[in-house]
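Coordinate analysis (summary)
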Amino acid sequence: MTATAQAPAPAAELQRVARTEGLVPALGLLLEAHGAALPLGPTGHALLPERDAAPDPVRRYPLPGGAVVLVHDPRAVRDGARAVDQAALLRLRLGLLQGLRDDCVAHLAERASGESTVLLQQLVKGQLAEALGHQLELAALLDATAPRELTGPVLRDLHSQVTAVGRVLLRLLGAHGFLADGPGATAHVSELLADVYLHAEEAR
Amino acid sequence: MTELDSRLAALRDQAREWGAGFAAVALELDRDPDRIADHLDLPGVRFMSTFGVPAEFGRPPLRIGPHRFEGTSALERAVVLEELARGDIGTTLAAPGPSMSGVLVEQLGDPAQREWFYGRVLAEPTWTCFALTEPGHGSDASALDTVLRPAADGGFELTGAKRYVGNASRARIAAVFARTRPGPLGVTAVLVDTDDPGYRAEPLDSLGVRGARISAVTLDRVRVAPERVLGRHLSPTRRGIWASIQVFNRLRPTVAALALGIAGAAHDLLLEHRAAARGTDRERIERIGRRIGATRALVHRAAAAVDATGDGYLASAAKARACRLAEEVTLEACELLAPAARVTHPLLDKLVRDARGVEFMEGTRNVQHLNLFQGLLSGRVDG
């Protein structure tokens, strides 16, 4: 039996899509759940699949599986932007993190090191296991946490942990993770999601 | 976060009360582990002395309100041991009782062996020990040097050396791992009466978890009757290294829970002595509380997985995370509590030392990581 973290169904689906299909389909699912009102971060920024956005975005990220754009609506700050579903956003990032680990394992299994592969070097095994252990803990915690408990400091903490685990995996990917059209780019936009949608520290 | 159901919450609250009694004697036992003999009447120690003995042997199950507890599931053990270790891990491990050997006997004992073992444990406070670790191979069960050889009279002789075995110098019964032949099917465990000639245990002076009285054991042709060979009614595949792994899987969440307890005790000290903390310090203390909650969620999930399937990969993750937590939280507590905190708060000094001790129990973090990696590679763990 596989010892898998069991999330509630919609959260599990969002996490699965993020892991196996990538950021664009997962972002689509996340936004769908918000209906017509687009959720924006506290500064009026949002990250959207390119197909759903107006032309002239602030930035564009051509990721595997489709491009994502950063947009800005300054009126939203004045009018009170609708907040993103923070629990769902965390699930999405956790799914992306799992996908990054999958990429990492596949990539390292292909790279030769002496008579073996990089994947089977003890240091690499240890770092992958450390990342996995941390991911398992994050999954167990999210399953045990009600959305109302996801207050500012808790969210900042959890997002920064997701980012930290991602950085461990990115180091294992080496320069391959530094290319703008590879898994490192998805990880970069995953970090950006936290940056855009989290409230600033002074708003505590 | 990580709310327990009402049944386990009742068990936790009871164990927390017992743990408070342990906290009161923690420094005394840290100075002199033999003082446990003066505290056998502590309610928590009395509980531990029969914790895990199945009800069929005449031990009345623990009842709290409408709930009844056998104490044989990994989840129940994790809930109890976190709270007891939050009081004091030294007293928790100094207590007599079936402890780790009980889990082994449950896994491998035949009816007569269970009767003998539990009968002795129930008759009077009886220390037991779990002798696996060896000077040359740590707790790697596949690399054992201790041998169990057939003797002329139809019994066996046990010869070898063990090290870092908790309670070995106090134990009346030792569960000893040995090898009957090369290979994974040659690993076996026997029950030894420590009064038998050839068994010698010398306490080792340790930096932390001093209540556990870790010892070096020498086994010089100790006679073992055939009926003391655990798993003798099972096939070699069911009693060899496979059985050992099952036992270690069951024990691992418990060790993780002990580490959680140490972290919780350090957090309690911060809440008590830094109640007025503001700003960054306050945030750091709150964050420590959240970290403990997060790791607890993983430990409980791992314990539930072991109970459901016997699978220990999550338990490896939980043990590694919990030991890291204990070390980091106790060190951070030093920074947050006061200058020279380890001098002015002897309890914190003890916790810092204890946190290092859980790292070595049931496989270090590196060993757990290698096990977890195998789970990842084989697709048996995902998260």
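Residues numbered from 1 in each chain as written. Chains lettered and ligands numbered in written order. Predicted model: local features only at pLDDT ≥ 70, side-chain atom pairs only at ≥ 80, totals over all residues.

As annotated in an unreviewed UniProt entry, chain B carries the name Acyl-CoA dehydrogenase family protein and comes from Kitasatospora saccharophila. Per its UniProt entry, chain B bears the Sequence similarities (unreviewed entry) comment "Belongs to the acyl-CoA dehydrogenase family." (UniProt positions renumbered as here; feature names shortened; annotations may be inferred.)

Under an unreviewed UniProt entry, the name given to chain A is Acyl-CoA dehydrogenase-like protein, and the source organism is Kitasatospora saccharophila.

In this section: the overall build of chain B. Helix and strand counts for chain B stand at 12 helices and 10 strands. Here the C-alpha atoms of chain B give a radius of gyration of 20 Å, agreeing with the 21 Å that 2.2 N^0.38 yields for 383 residues. Counting only C-alpha atoms, chain B reaches 75 × 50 × 45 Å along its principal axes. Per-residue burial for chain B yields a buried fraction of 52% across its 383 residues. Pairs at least 24 apart in sequence give 75% of the contacts found in chain B among residues at least 6 apart. (Helix = DSSP H or I, 4+ residues; strand = E, 2+ residues; numbered from the N terminus. Rg over C-alpha atoms; globule rule 2.2 N^0.38 Å. Buried ≥ 20, exposed ≤ 12 C-beta atoms within 10 Å, placed from the backbone. Contact = placed C-beta atoms within 7 Å.)

A count of helical and extended segments in chain A gives 7 helices and 6 strands. Here chain A has a C-alpha radius of gyration of 17 Å; the compact-globule value for 204 residues is 17 Å, and the two agree. Based on the C-alpha atoms only, the size of chain A along its principal axes is roughly 60 × 40 × 30 Å. Contacts spanning at least 24 positions in sequence make up 70% of the contacts within chain A whose residues lie at least 6 apart.

Right, let's talk about the UniProt feature "domain: Acyl-CoA oxidase/dehydrogenase middle" (unreviewed entry) in chain B for a bit. As recorded in UniProt, the sites labelled "domain: Acyl-CoA oxidase/dehydrogenase middle" (unreviewed entry) are residues 129-222 of chain B. Structurally, residues 129-222 of chain B is divided into 0% helix and 47% strand, and its ends, taken at the C-alpha atoms, are 16 Å apart.

Per the UniProt annotation, the sites labelled "domain: Acyl-CoA dehydrogenase/oxidase C-terminal" (unreviewed entry) are residues 239-374 of chain B. The annotated region residues 239-374 of chain B carries 86% helix and 0% strand content, and the separation between its end C-alpha atoms amounts to 22 Å.

As a further point, take the interface of chain A and chain B. Quoted interface sizes are often the accessible area lost when the parts come together. Each side of the interface is counted separately: chain A has 24 residues, and chain B has 30 residues. The dominant element in the side of chain A that touches chain B, judged by the number of residues it contributes, is helix α5 (residues 122-143) of chain A, at 13 residues. Of the residues contributing to the side of chain A that touches chain B, the split by class is 13 nonpolar, 6 polar and 5 charged. (Nonpolar A, V, L, I, M, F, W, Y, C, P; charged D, E, K, R; others polar.)

Moving on: the confidence of the model for chain A. Mean pLDDT for chain A: 89, with 91% of residues reaching 70 or above. Overall, residues 1-8 of chain A carries pLDDT values under 50, and its contacts beyond four positions in sequence, including any with other chains, amount to 25 contacts. (pLDDT = per-residue confidence, 0-100.)

The next thing to look at is the domain arrangement of chain B. All names here are of chain B. Domains assigned within chain B are domain 1 (6-96), domain 2 (106-235) and domain 3 (240-378). Computed from C-alpha coordinates alone, the two centres of domain 2 and domain 3 are separated by 28 Å. In this complex, domain 2 contributes 15 residues to the contact, which on the side of domain 3 involves 13 residues. Looking at side-chain class alone, the side of domain 2 that touches domain 3 contains 9 nonpolar, 6 polar and no charged residues. (Domains from an automatic or database assignment.)

Residues and elements named next belong to chain B. Where helix α9 (residues 313-337) contacts helix α11 (residues 346-358), the two axes come as close as 8 Å, and the packing angle between them is 160°. When the interaxial angle is binned, α9 and α11 end up roughly antiparallel. Of the two possible hands of crossing, α9 and α11 adopt the one that is left-handed. Residues C323, A326, E327, T330, L331, A333, C334 and L337 of α9 lie in contact with α11, whose contacting residues are L348, L351, V352, A355, R356 and V358. Per-class residue counts for the contact of α9 with α11 are 11 nonpolar, 1 polar and 2 charged. (Axes fitted to C-alpha atoms, helices over the stretch in contact; angles between N-to-C directions. Parallel < 35°, antiparallel > 145°, perpendicular 65-115°, else oblique. Left-handed = near helix turned anticlockwise from the far one by under 90°.)

This part is about the environment of R16 of chain B. Locating R16 of chain B in the fold gives a position in helix α1 (residues 6-31). For the pair R16 of chain B and T218 of chain B, spaced 202 residues apart in sequence, the C-alpha to C-alpha distance is 37 Å.

Residue and element names in this part refer to chain A. Across the sheet, 3 strands lie side by side as β2-β4-β3; this open sheet has antiparallel pairing. Sheet topology places β2 (45-49) and β3 (59-63) at the edges, where each strand pairs with a single neighbour. In this sheet, adjacent strand axes meet at a mean angle of 20° when their direction is disregarded. Where β3 and strand β4 (residues 66-72) come together, 5 bridges link them in antiparallel fashion. Counted as the bridge partner of L63 is G66 from β4. Docked against the sheet, helix α2 (residues 23-32) engages β2, β3 and β4, running at close to 115° with respect to β2. (Pairing = 2+ DSSP bridges.)

Here we come to helix α7 (residues 241-273) of chain B. Residue and element names in this part refer to chain B. In this model, α7 (33 residues) spans 48 Å end to end at C-alpha, consistent with the 48 Å of a helix rising 1.5 Å per residue. Of all the bends in α7, the greatest reaches close to 25° and is centred on L251; the proline P253 follows between one and four positions later. The element α7 is extensively covered by neighbouring structure, given that 24 of its 33 residues are classed as buried. (Expected span 1.5 Å × (residues − 1). Bend = angle between axes of the 7 residues up to and from the residue.)

Below, the discussion takes up the environment of D73 of chain A. All names here are of chain A. Along the polypeptide, D73 turns up in the loop between β4 and α3 (75-79). C-alpha separation for the pair D73 and L40, spaced 33 residues apart in sequence, amounts to 8.3 Å. Not counting chain neighbours up to four residues away, the residues in contact with D73 comprise L40 and G44.

On to unusual backbone geometry. Unlike most non-glycine residues, R213 of chain B shows phi in positive territory, near 50°. Counting through the fold element by element, R213 of chain B comes out in the loop between β8 (199-203) and β9 (215-224).

So, on to α11 of chain B. Residues and elements named next belong to chain B. Between its first and last C-alpha, α11 extends 19 Å over 13 residues, near the 18 Å set by a 1.5 Å rise per residue. When α11 is considered as a whole, its buried residues turn out to be L348, K350, L351, V352, D354, A355, G357 and V358. On its buried face, α11 is in contact with α1, α3 (74-94), α7, α9 and α10 (341-344).

Glancing now at the confidence of the model for chain B. The share of residues in chain B with pLDDT of 70 or more is 99%, and the mean pLDDT across the chain is 94. In the predicted assembly, ipTM is 0.85 and pTM is 0.91.

What follows deals with the nonpolar core. All names here are of chain B. Of all hydrophobic cores here, the largest spans 167 residues; its most connected members are A131, V176, V190, A259, I262 and A302. Considering every element that reaches this core, the biggest residue donor is α7, with 15 residues. In this structure A131 touches K162, V165, A168, A174, A175, V176, F177 and V217, once residues within four positions along its chain are discounted. (Core = buried A, V, L, I, M, F, W, Y, C linked by C-beta atoms within 7 Å.)

Turning our attention to the environment of P74 of chain A. All names here are of chain A. Position of P74 relative to the elements: it lies in the loop between β4 and α3. Assessed through the 10 C-beta atoms surrounding it within 10 Å, P74 is described here as exposed. For P74 and T43, which are 31 residues apart along the polypeptide, the C-alpha to C-alpha distance reads 7.2 Å.

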